[in-house]
Amino acid sequence: MKQFLAFVKKEFYHIFRDARTMLILLGMPIVQIVLFGFAITTEVKNSQVAVYDLSKDVATGQIIQRIQANEYFTVVADLNSPEEIDEIMKKGKAAMVLVFEDDFQSNILHTGEAAVQLIVDAIDPNQATTMANYATSIIMQYAREVSTGQNDAFLINVDTRMLYNPQMEGAYNFVPGVMGLILMLICAMMTSIAIVREKERGSMEVLLVSPMKPIFIIIAKAVPYFTLSIVNLFTILLLSVFLLKVPIAGSLLLIILGSLLFILMALLLGLLISNVVQTQVAAMLASGMVLMMPTMLLSGMMFPIESIPPILQWISSIIPARWYIDMIRKLMIQGVDGIYVLKDFGILALMAFVLLVVSLKTFKKRLQ
């Protein structure tokens, strides 16, 4: 029994001495329960709403106040022209616009009827339907309350217009997300594993003493994954257009350029992971924790970012896939001009630059 306990004690020492193993064993459950507990939700909260009010009377003001007071919506803008509706939707600053007809209150009092139009970004059909249902319910509740004590019930006609995806096709939403996930996993995870595998086998030292500079050796190992990612990119686009019937409404050139930038950034991220870890198992675990799970849950691929807690929204801003998926949705589905995705391009370029600097410095330290 003493020998058995001695072996158990030895194993505990081995685990406690390895900080990375302790982080994986004790940190991963915490990260998973937080992400799965708060990020996975079918509710729509804090959805950004703009208002185009042609009437600007007491009735429309009361409806707007009810929308603002509800946890599902946040009123972010008061529009002054129809042109601003398309502008704010393309910029991604509003997911829904309420349009009140002229003389809204007067129509209710004199004819018993008035009209409201809901213009909803329907790239995500489930989110769009939920938002429209929530808003319609609030408006109908207001109509019932103001009808109390009246001989005839007031009627507010709600006309819902689904923008960008009137057919409510689910592929419009998941295709950009799948593109981000596939490119991230192939470039970052597989690159990191390939480089670490060379270290494990001891062949990396042989390569590093060759006449070729170390940085070119790393680039040479990354080129095949870069090439395969380009093939995957075109495969996804072809299948999306011809099989899933998802249109490319915007510039194909911008989609390709943005994807190449994202692929480069993912390769650099894989290089950084390979510099930090020593084994393939550790590389896979690090990639799973740092890349796959956050990409699926916090990038807007599956669940609206606005619906998760503020702290997770902040964390999502440092996840590269969030900006890539947002960019592809705007270019591919909304068909926006390049000016509307400059922010996404800029953030991805900044991330790529930072990863390049950190990866090269870390790699040089490991060569000493």
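Scroll up for the structure.
The structure presented is a predicted model; accordingly, all values stated were derived computationally and were not measured.

(A) Highlighting the overall build of the protein chain. Along the backbone of the protein chain there are 14 helices and 5 strands. Considering only intrachain contacts with a sequence separation of at least 6, the fraction spanning at least 24 residues in the protein chain is 75%. Within the structure as shown, the protein chain displays about 19,000 Å² of accessible surface, and the carbon and sulfur contribution to it stands at 65%.

(B) Seen up close, the sheet that holds strand β1 (residues 47-53). Strand order in the open sheet formed by 5 strands is β2-β1-β3-β4-β5, with mixed pairing between adjacent strands. Every other strand in the sheet has two partners, leaving β2 (73-79) and β5 (155-163) as the edge strands with one partner each. Taking each pair of neighbouring strands and ignoring which way they run, the sheet shows an average axis angle of 25 degrees. Strand direction decides the pairing type here: β1 and strand β3 (residues 96-100), joined by 5 bridges, are parallel. Its bridge partner being in β3, Tyr52 is matched across the sheet by Val99. Helix α3 (residues 58-69) rests against β1, β2, β3 and β5 of the sheet, and its axis sits at about 140 degrees to β2. On top of the sheet, helix α5 (residues 104-111) reaches β3, β4 (113-121) and β5; it is set at about 140 degrees to β4, its chief contact.

(C) Structural view of the environment of Leu348. Here Leu348 is to be found in helix α14 (residues 342-367). For Leu348, a relative accessible area of 0% translates into the label buried. Not counting the four nearest positions on each side in its chain, Leu348 is found in contact with Leu261, Phe262, Met265, Pro320, Trp323, Tyr324 and Met327.

(D) Region of interest: the nonpolar core. Membership of the largest hydrophobic core comes to 75 residues, with the highest contact counts inside it found for Val97, Met179, Tyr324 and Met332. Ranked by residue count, the leading element in this core is helix α7 (residues 171-201), at 14 residues. Excluding anything up to four places from it in sequence, Met179 contacts Leu233, Ile236, Leu237, Ser259, Tyr324, Ile328 and Met332. Among the nonpolar cores identified, the runner-up in size contains 30 residues, and Ile63, Ile67, Ile139 and Phe154 belong to it.

(E) Looking closely at the packing of helix α10 (residues 252-276) against helix α13 (residues 320-334). Where α10 meets α13, the axes come as close as 10 Å, and the angle between the chain directions of the two elements is 170 degrees. Taken together, α10 and α13 sit at an angle that is classed as roughly antiparallel. On the side of α10, the interface is formed by Leu254, Ile255, Gly258, Ser259, Phe262 and Met265, while α13 contributes Pro320, Ala321, Tyr324, Met327, Ile328, Leu331 and Met332. Residues of the contact of α10 with α13, tallied by class, amount to 11 nonpolar, 2 polar and no charged.

(F) Structural detail: the side chain of Ser240. You can see Ser240 is positioned in helix α9 (residues 214-242). Given a relative accessible area of 2%, Ser240 falls into the buried group. If sequence neighbours within four positions are ignored, Ser240 has contacts with Val175, Lys245, Val246 and Met332.

(G) Structural view of helix α4 (residues 82-90). Turning to α4, its buried residues are Ile85, Ile88, Met89 and Lys90. Lining the buried residues of α4 we find β1, β2, β3, β4, β5 and α13. Positive backbone phi, approximately 75 degrees, marks Gly92, located one or two places after α4.

(H) Summary view of the packing of aromatic side chains. Using the criterion set out here, one finds 3 aromatic pairs in the structure. Between Phe100 and Phe104, the aromatic rings sit 5.5 Å apart at their centres with planes inclined by 85 degrees, giving edge-to-face as the arrangement. Of the two residues, Phe100 and Phe104, both sit in the buried class. Here the aromatic rings of Phe262 and Tyr324 are separated by 4.3 Å at their centres, their planes lie at 10 degrees, and the arrangement is stacked. Here the residue Phe262 occupies a position in helix α10, and Tyr324 occupies one in helix α13, the gap between them amounting to 62 residues. On the basis of relative accessible area, Phe262 is assigned to the buried category, the value being 0%. Note that Arg322 overlies the ring of Trp323, its terminal NZ or CZ placed 4.6 Å from the centroid.

(I) Structural context of the packing of α7 against α13. Close contact between α7 and α13 brings their axes to 9 Å; oriented N to C, the two are set at 140 degrees. In terms of orientation, α7 lies oblique with respect to α13. The two elements α7 and α13 meet at a crossing, and its hand is right-handed. Facing Tyr172, Asn173, Val175, Pro176, Gly177, Met179, Gly180, Leu183 and Met184 of α7, the residues of α13 in contact are Pro320, Tyr324, Ile325, Ile328, Arg329, Met332 and Ile333. Residue composition of the contact of α7 with α13, grouped by class: 12 nonpolar, 3 polar and 1 charged.

Parameters and conventions
- Residues numbered from 1 in each chain as written.
- Predicted model: local features only at pLDDT ≥ 70, side-chain atom pairs only at ≥ 80, totals over all residues.
- Heavy atoms only, no water.
- Helix = DSSP H or I, 4+ residues; strand = E, 2+ residues; numbered from the N terminus.
- Contact = heavy atoms within 4.5 Å.
- Areas by Shrake-Rupley, 256 points an atom, 1.4 Å probe, with all protein chains shown as cover.
- Pairing = 2+ DSSP bridges.
- Axes fitted to C-alpha atoms, helices over the stretch in contact; angles between N-to-C directions.
- Buried < 20%, exposed > 50% of the residue type's maximum accessible area, 1.4 Å probe, protein only.
- Core = buried A, V, L, I, M, F, W, Y, C linked by side-chain atoms within 4.5 Å.
- Parallel < 35°, antiparallel > 145°, perpendicular 65-115°, else oblique.
- Nonpolar A, V, L, I, M, F, W, Y, C, P; charged D, E, K, R; others polar.
- Phe/Tyr/Trp six-rings, centres within 6.5 Å; stacked < 30°, edge-to-face > 60°.
- Lys NZ or Arg CZ within 6 Å of the ring centre and 35° of its normal.
- Left-handed = near helix turned anticlockwise from the far one by under 90°.

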